[in-house]
Amino acid sequence: MNRSEPLVLGIESSCDETGVGIVRGTTLLTNAVSSSMEEHVRFGGVIPEIASRAHLDAMVPTLQQALADADVELLDVDALAVTSGPGLSGALMVGVAAAKALAVATGKPLFAVNHLVAHVGVGLLDAGRLPDNLGALLVSGGHTEILRVRNLASDVELLGSTIDDAAGEAYDKVARILGLGYPGGPAIDRLAAQGDPAAIRFPRGLSQPKYLGTPEQPGPHRYDWSFSGLKTAVARFIEDCEARGVEVPVADVAASFQEAVVDIITSKAVLACTENGITSLLLGGGVASNSRLRQLTRERCEAAGITLTIPPSSLCTDNGAMVAALAARIIMDGGEPSGIGFGTDSSMPVTTVHL
Amino acid sequence: MLILALDTSAAASAALVSDGVVLGRFASTDTRSHAEVLAPAVEQLLFDAGVAGTGLDALAVGVGPGPFTGLRAGIATARMLAFVWNVPLHGVMSLDAVALDADHAEGEFAVATDARRKEVYWARYRAGSALPELVDGPHVGPAESVPDLPVYGRGAGLYAGRLAGTAHATELTPDAVALARVAERTLADGGALRATTPLYLRESDAKVPGPRKKALL
Ligand SMILES: [Zn+2]
C-alpha cells in the first residue's frame, strides 16, 4: 500500500446522501453525491426505509460519476473506505455491502471508518494537516456534537452531544409546526432574517446550574444539549396565540427559535473549548451552512481566542470525500485495513475512529 | 456456463455453479448478518474454486421478496461485483428458487416464505419439465390468502394451521444453488430473467403528516 500519498475512494451512506469521494493524500479529487432529500420532503423528515432504497439505486451510478470526474481507474486506487457507523442502520448496510463487494472485486484493502470523525477529516483537505488543540462542532439533522481531536487517526473524544433531538431535527420539527417546508433549516434561516430574535424568550436546554455545575465540579450535562423542550415551547407559544385569536408572528418565532438554538450551541461549544484547551474549532455538518450559526460561532470564537474553520458547504454535509480523507490519514499514520468481516454499528462511538 | 448466484431474501447464501455442477456453496443460518458474511463468502468461493470474478459468465441475484434490509445487502453486493468485473447481472425472483427445490412432480402448487409481521410472501406455480412455471405472484399477505394447494417452504411451516392447503418442505428457504439453476436453465432456453429491482411488495411505512390541527399534537 502506498502510505505516503494514498489514492483513496470513500463511500458514505449513513443518512440520506449517497456519497463517493476520491482523495490523493490530502488533495480532494472528486466529491460525487446523490441525495434522496427530495423524496423526504412530503414526510417532513428523513424516512430511513426511503433513504435505504435510494442508496441501493444511487450507489453504482455515484461511483461511476466519481471515477469519471476524477479521471481515476479502480485499478489505480490504493485503498477503499466506508462509513460503518454511526447512522441509520439500514442505510449504512447498503454502503457497507457495496464497499465490501468493491473490495472483493478489486482486491483493494478496505477501511471502515467513523462518520463523525470523518466530518473532521475534511479539515485535512487542501490544508494538509489539522491544527493542534483541535475541537470540532458538528451540527446536522442527524447529530449535534462537540469533539476533542488529539489525533484524528487514533485519539478522538466526545465532550458533549444532544441528549434528544439533533439541532437539524429541531429545525425540521419547528418548520413543520410553522407550516414551512422541509428541510427546516434553510426555511427558518430565511424567515428569521425578517424577525426579531429577541421577541420571544425560548428556553435554552440544559443551561440550569444543576446540569452545568462548575469547571471544578461539572454537572451531568455541562457540554450537552437538549432541543425537545425548545420544540415544545414553540408549539405552546403558537397554541397560545391561536387560543387568544392573535396572528402568529411567524418571522419572530423563527428568529427567536433560531436564536435559542444557536445561542445554546455556541455558548456550550465555546465553554467546552476553553475548558479543554481547545484553541482551534472546526464547524461541520449540514447546519454549518446556517447563517446565524456561522456568525455567532465566529463572534464567540473570536472573543475567546479560538481559531474557527468552516469547510465549504459541500464538504460539511455528508459526503464520501470526508470518508476518504479520514482513511487516507489513517493509512499515512500506518493504520491497518479492517478486512471485510465487520458489521455496521448505528451507535459507533467516536473513540472508535476505524475498525 | 459459470454462474455466481447470491440470495439474501431470507438467510444469506451464495453458490458457484458451472453447467449444473456445484463448484462451491455457502449458506448462513441467521437472517440478520448478511452485510457481514456475504462478501467474505464470495471471496472464499472464488478462491476455493480457483476462479477469477472476471471469468464468470453471469451473476444472478435473488430480488426477493424478502425483508428489506437483508435483501438489499445481496443486491448491493451483486450490482457492485457485476460493475467491477463487467459481467452480465440477472435478477431472479427468490421464490422461484424455492419452487425449483420443492420437487413437486405435477400440477399446481404454492411457495411461501416468511414475510415477518405474521405474513408470508407467496407465489403459485405449475410443475414443468425444466422449471416450474410461475402462474401468480409474488404476493404478500396472511397465510389464509395462499391458495388451497400444496404449499412449500418455511412460510408454510410457520403458519401450517392457517393454510387452506397442506404444508410441505417446511424448512425450505431460497437458496443460491437453486437460484443459479433457475438462471442457468432460463438462459439456456433463451429465456429472459429480471432486472435487479428489489421486489419489496410493501411500501416504506412512512406516513405523510396530515395538516396541523393543534401545535402540541
Ligand atoms: Zn453527518
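Looking up chain B in an unreviewed UniProt entry gives the name tRNA threonylcarbamoyl adenosine modification protein YeaZ, with the organism given as Arthrobacter subterraneus.

As recorded in an unreviewed UniProt entry, chain A goes by the name tRNA N6-adenosine threonylcarbamoyltransferase, listed as coming from Arthrobacter subterraneus. Regarding chain A, the relevant UniProt record gives this comment under Sequence similarities (unreviewed entry): "Belongs to the KAE1 / TsaD family."

A short note on the UniProt feature "binding site: Fe cation" (unreviewed entry) in chain A
Residues and elements named next belong to chain A. Mapped onto the present numbering, the UniProt feature "binding site: Fe cation" (unreviewed entry) falls on His115, His119 and Asp318. A maximum C-alpha distance of 8.6 Å among these annotated residues, which run over 204 residues, shows that they cluster at one spot. Tracing the sequence through the fold places histidine 115 in helix α4 (residues 115-121). Judged by relative accessible area, histidine 115 falls into the buried class, the value being 2%. When sequence neighbours within four positions are dropped, the list of residues in contact with histidine 115 reads Glu12, Ser14, Thr83, Gly85, Pro86, His143, Asp318 and Met322. One can find aspartate 318 in the loop between α11 (313-316) and α12 (320-332).

Things to note about the coordination of the zinc ion
Residues and elements named next belong to chain A. At 2.1 to 2.4 Å from the zinc ion lie its protein donor atoms, namely His115 (NE2), His119 (NE2), His143 (NE2) and Asp318 (OD). Because the angles between the four donor atoms bound to the zinc ion fall within 88 to 161°, the donor set is best described as irregular. For aspartate 318, a relative accessible area of 12% translates into the label buried.

Here's the deal with the confidence of the model for chain B
Detailed reading of the predicted coordinates is not advisable wherever pLDDT is low. Averaged over chain B, the pLDDT score is 93; the fraction of residues at 70 or greater is 96%. In the predicted assembly, ipTM is 0.95 and pTM is 0.95.

Quick word on the layout of surface pockets
All names here are of chain B. In this structure, the second largest pocket encloses a volume near 440 Å³. What lines the second largest pocket is a set of 24 residues, and nearest its centre among them are Arg32, Pro67, Thr69, Gly70 and Arg116. Taken together, the elements giving at least two residues each to the lining of the second largest pocket come down to α1 (34-49) and α2 (68-85). In terms of residue count, the dominant contributor to the lining of the second largest pocket is α2 (four residues). Per-class residue counts for the lining of the second largest pocket are eight nonpolar, nine polar and seven charged. Two domains each put at least three residues into the lining of the second largest pocket: domain 1 (2-93 + 174-188) and domain 2 (95-168).

A word on unusual backbone geometry
A cis amide bond links Gly64(B) to the next residue, Pro65(B), at an omega of 5°. For Pro65(B), the location among the structural elements is in the loop between β4 (58-62) and α2. The omega angle of the peptide bond from Gly137(B) to Pro138(B) is 5°, so this bond is cis rather than trans. Topologically, Pro138(B) is positioned in strand β8 (residues 133-141). The phi angle at Asp71(A) is positive, at roughly 55°, despite the residue not being glycine. Of note, Asp71(A) is situated in the loop between α2 (48-70) and β4 (79-85). Judged by relative accessible area, Asp71(A) falls into the exposed class, the value being 70%. Its identity as a non-glycine residue notwithstanding, Leu201(B) has a phi of 65°, on the positive side. Topologically, Leu201(B) is positioned in the segment after α5 (176-188).

A word on the interface of chain B and chain A
Contact with chain B, which involves 34 residues of that partner, is made by 38 residues of chain A. Counting each side, the surface lost to burial between chain B and chain A is near 3200 Å², with a carbon and sulfur contribution of 70%. Our count for the contact surface shared by chain B and chain A stands at two salt bridges. On inspection of chain B and its partner chain A, the count reaches seven residue pairs in polar contact (both at pLDDT 80 or more).

A few points about the packing of aromatic side chains
All names here are of chain B. Overall, the coordinates contain five aromatic pairs over all chains when judged by the stated rule. Seen in terms of ring centroids, phenylalanine 68 and tyrosine 200 are 5.1 Å apart; in terms of plane orientation they differ by 85°. Their pairing is edge-to-face. Of the two residues, phenylalanine 68 is situated in helix α2 and tyrosine 200 in the segment after α5; the sequence distance between them amounts to 132 residues. Residue phenylalanine 68 shares its accessibility class with tyrosine 200, and that shared class is buried.

Definitions and cut-offs
Residues numbered from 1 in each chain as written. Chains lettered and ligands numbered in written order. Predicted model: local features only at pLDDT ≥ 70, side-chain atom pairs only at ≥ 80, totals over all residues. Heavy atoms only, no water. UniProt positions renumbered as here; feature names shortened; annotations may be inferred. Helix = DSSP H or I, 4+ residues; strand = E, 2+ residues; numbered from the N terminus. Buried < 20%, exposed > 50% of the residue type's maximum accessible area, 1.4 Å probe, protein only. Contact = heavy atoms within 4.5 Å. Donors = N, O, S within 2.8 Å, 3.2 Å for Na, K, Ca; no water. Tetrahedral: all angles 85-135°; square planar, octahedral: opposite > 155°, others 65-115°. pLDDT = per-residue confidence, 0-100. 1 Å grid on protein atoms, 1.4 Å probe; cavity = no way out; pocket = protein on both sides within 12 Å on 5 of 7 lines; lining within 4 Å. Points joined across faces, edges and corners; volume = space filled by probe spheres on them. Nonpolar A, V, L, I, M, F, W, Y, C, P; charged D, E, K, R; others polar. Domains from an automatic or database assignment. Buried area = accessible area lost by both parts, 1.4 Å probe. Salt bridge = Lys/Arg side-chain N within 4 Å of Asp/Glu carboxyl O. Polar contact = N/O pair within 3.5 Å; in protein donor to acceptor, adjacent residues only side chain to side chain. Phe/Tyr/Trp six-rings, centres within 6.5 Å; stacked < 30°, edge-to-face > 60°.

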